Amino acid sequence: MEEALTRATVPKLLVANWKLNPQIEAEAVRLARASDAKNIVIAPPFPFLVAVGKALKRATLGAQDVFWKLHGAYTGGVSPLMLRALGVRYVIVGHSERRALGETDTMVNKKARAALRAGLAPILCVGEPLAVRRKGLAAAKRFVAHQLRADLRGVSPSSVISHQSLVVAYEPLWAIGTGRAATPADAAEMAEFIKGLLVKSYKLKVSVLYGGSVNVRNAGAFLAEPAIDGALVGGASLQAAEFRKMISINQRS
Ligand code: PEP
């Protein structure tokens, strides 16, 4: 009974990261309607935020990136306040696909702080590359700890109001889009490690998601791990039928 209550009050979160998909708004709206459920965050490309936001009745709107400045000569920039005004609640920062294009920890830190200041919940992505993971889980933890320290520099407990106003997504690089997910046990160990580190060093209580080749076959095992508060889903979130099944699994977990 106690466990059922805990689960009911702290639901797990499924974040759909659509990346540069789909190609047209009508398809984005169709996918949003099919994925519309409680405890789901839908992060479409910027041009579809308004249409997807209107289509959602239960799910929450997310964005895939944000710039840290509020105004000025920053071609291509989208500010956190602009996102807020569109009804966005969560924003992914530091995704490895953006880091691969040159985003540094300093930039990720500015984005996370600007998002928090504007009342958006950053979903901060961290994770080690394959060369580090090959050295073992301890090396992966050291890598992730270094990223967290740099990405969260200057973030105070008072800027993180609840455990869901700052979300960390553990996304090992070798698992993203490869079909080779981490084991649920390793992901859970890393989630525990991240939570422990952030409480000890920053007095921050955060939710930790796992991301990297989560699909309908393995979602249940990740969501069943008490330390894992949900999943960040890329490819599988674009398959409406598959994502619906993952939503049902989440509702049962
Ligand atoms: C992602 O986009 O962060 C991701 C984890 O992608 P995929 O689920 O396709 O591995």
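In the annotation of an unreviewed UniProt entry, the protein is listed under the name Triosephosphate isomerase. Regarding the protein, the relevant UniProt record gives this comment under Sequence similarities (unreviewed entry): "Belongs to the triosephosphate isomerase family." Among the UniProt annotations of the protein, the heading Subcellular location (unreviewed entry) holds the following wording: "Cytoplasm".

Student: I'm lost on the UniProt feature "binding site: substrate" (unreviewed entry) in the protein in this one. Help?
Tutor: The positions that UniProt labels "binding site: substrate" (unreviewed entry) are, in the present scheme, Asn17, Trp18, Lys19, Gly177, Ser213, Gly234 and Gly235. These residues run over 219 residues, yet every pair of their C-alpha atoms falls within 14.1 Å of each other. The residue Lys19 is located in the loop between strand E1 (13–17) and helix H2 (25–34) in this model. What Lys19 contacts, discounting residues up to four positions off in sequence, is Pro45, Gln64, His95, Glu97, Ile176 and Gly234.

Student: Even after reading the chapter, I still don't get the site of the ligand, so can you show me in this structure?
Tutor: Every one of the 14 residues lining the ligand counts as a neighbour, but Lys19, His95, Glu171, Gly177 and Ser213 are closest to it. Note that an oxygen atom of the ligand is positioned 2.9 Å from one of the side-chain N or O atoms of Lys19. Ser213 is positioned with one of its backbone polar atoms (N or O) 2.8 Å from an oxygen atom of the ligand. Protein burial of the ligand: of its 290 Å² of free accessible surface, 95% is covered by the chains.

Student: How should the UniProt feature "active site" (unreviewed entry) in the protein be read in this particular structure?
Tutor: UniProt records the feature "active site" (unreviewed entry) for His95 and Glu171 in the present numbering. Spatially, the listed residues are clustered: although they cover 77 residues, their C-alpha atoms lie within 8.5 Å of one another. Its place among the elements puts His95 in the loop between strand E4 (90–93) and helix H5 (96–99). Discounting chain neighbours no more than four positions away, the residues touching His95 are Asn17, Lys19, Cys125, Glu171 and Ile176. Of note is the side chain of His95, whose polar atom sits 3.0 Å from the backbone nitrogen of Glu97. Within the fold, Glu171 resides in the loop between strand E6 (167–170) and helix H9 (184–202). The contacts of Glu171, once residues within four sequence positions are left out, are His95, Cys125, Val126, Gly127, Ile176, Gly211, Gly212 and Leu232. Engagement of the side chain of Glu171 in a polar contact is seen with the side chain of His95, the distance being 3.4 Å.

Student: I tried to follow the packing of helix H6 (residues 105–117) against helix H8 (residues 137–151) on my own but got confused; where do I start?
Tutor: Two elements in contact, H6 and H8, have axes whose closest approach is 8 Å; the angle formed by their N-to-C orientations is 55°. If you check the angle between H6 and H8, you find them oblique. Of the residues in H8, those touching H6 at Asp105, Val108, Asn109 and Ala112 are Gln147, Ala150 and Asp151. Class assignment for the residues of the contact of H6 with H8 results in three nonpolar, two polar and two charged.

Student: Would you take a moment to explain the packing of H8 against H9 for this structure?
Tutor: For any two helices packed against each other, the geometry comes down to the angle between their axes and how far apart the axes lie. At a minimum axis separation of 11 Å, H8 and H9 run at an interaxial angle of 40°. Our classification of the angle between H8 and H9 gives oblique. Every pair of crossing elements has a handedness; the one defined by H8 and H9 is right-handed. Contacts from Leu137, Ala140, Lys141, Val144, Ala145, Leu148 and Arg149 in H8 reach Asp186, Glu189, Met190, Phe193, Ile194, Leu197, Leu198 and Tyr202 in H9. Residues that form the contact of H8 with H9 fall into these classes: eleven nonpolar, no polar and four charged.

Student: How should I be thinking about the nonpolar core in this particular structure?
Tutor: In a soluble, globular protein the nonpolar side chains are often hidden away together inside. Judged by nonpolar contacts, the single largest core of 72 residues is most densely connected at Leu14, Val52, Leu148, Ile194, Leu198, Leu204 and Tyr210. It is H9 that provides the largest number of residues to this core, a total of eight residues. Ignoring anything within four residues of it in the chain, the contact list for Leu204 reads Leu152, Val155, Ser156, Pro157, Val160, Leu166, Leu198 and Val199. Val41, Ala43, Ile92 and Ile123 belong to the second largest nonpolar core, which has 13 residues in total.

Student: For this particular structure, what's the right way to read the environment of Ile249?
Tutor: Note on placement: Ile249 falls in helix H11 (residues 240–252). Accessibility expressed as a relative area gives 14% for Ile249, which makes it buried. Distance from Ile249 to Ala219, taken between C-alpha atoms, is 7.4 Å for residues 30 residues apart in sequence. Residues within four places of Ile249 in sequence aside, it is in contact with Val216, Ala219, Gly220 and Leu223.

What counts and what doesn't
Residues numbered from 1 in each chain as written. Predicted model: local features only at pLDDT ≥ 70, side-chain atom pairs only at ≥ 80, totals over all residues. Heavy atoms only, no water. UniProt positions renumbered as here; feature names shortened; annotations may be inferred. Helix = DSSP H or I, 4+ residues; strand = E, 2+ residues; numbered from the N terminus. Contact = heavy atoms within 4.5 Å. Near = heavy atom within 4 Å. Polar contact = N/O pair within 3.5 Å; in protein donor to acceptor, adjacent residues only side chain to side chain. Areas by Shrake-Rupley, 256 points an atom, 1.4 Å probe, with all protein chains shown as cover. Axes fitted to C-alpha atoms, helices over the stretch in contact; angles between N-to-C directions. Parallel < 35°, antiparallel > 145°, perpendicular 65-115°, else oblique. Nonpolar A, V, L, I, M, F, W, Y, C, P; charged D, E, K, R; others polar. Left-handed = near helix turned anticlockwise from the far one by under 90°. Core = buried A, V, L, I, M, F, W, Y, C linked by side-chain atoms within 4.5 Å. Buried < 20%, exposed > 50% of the residue type's maximum accessible area, 1.4 Å probe, protein only.

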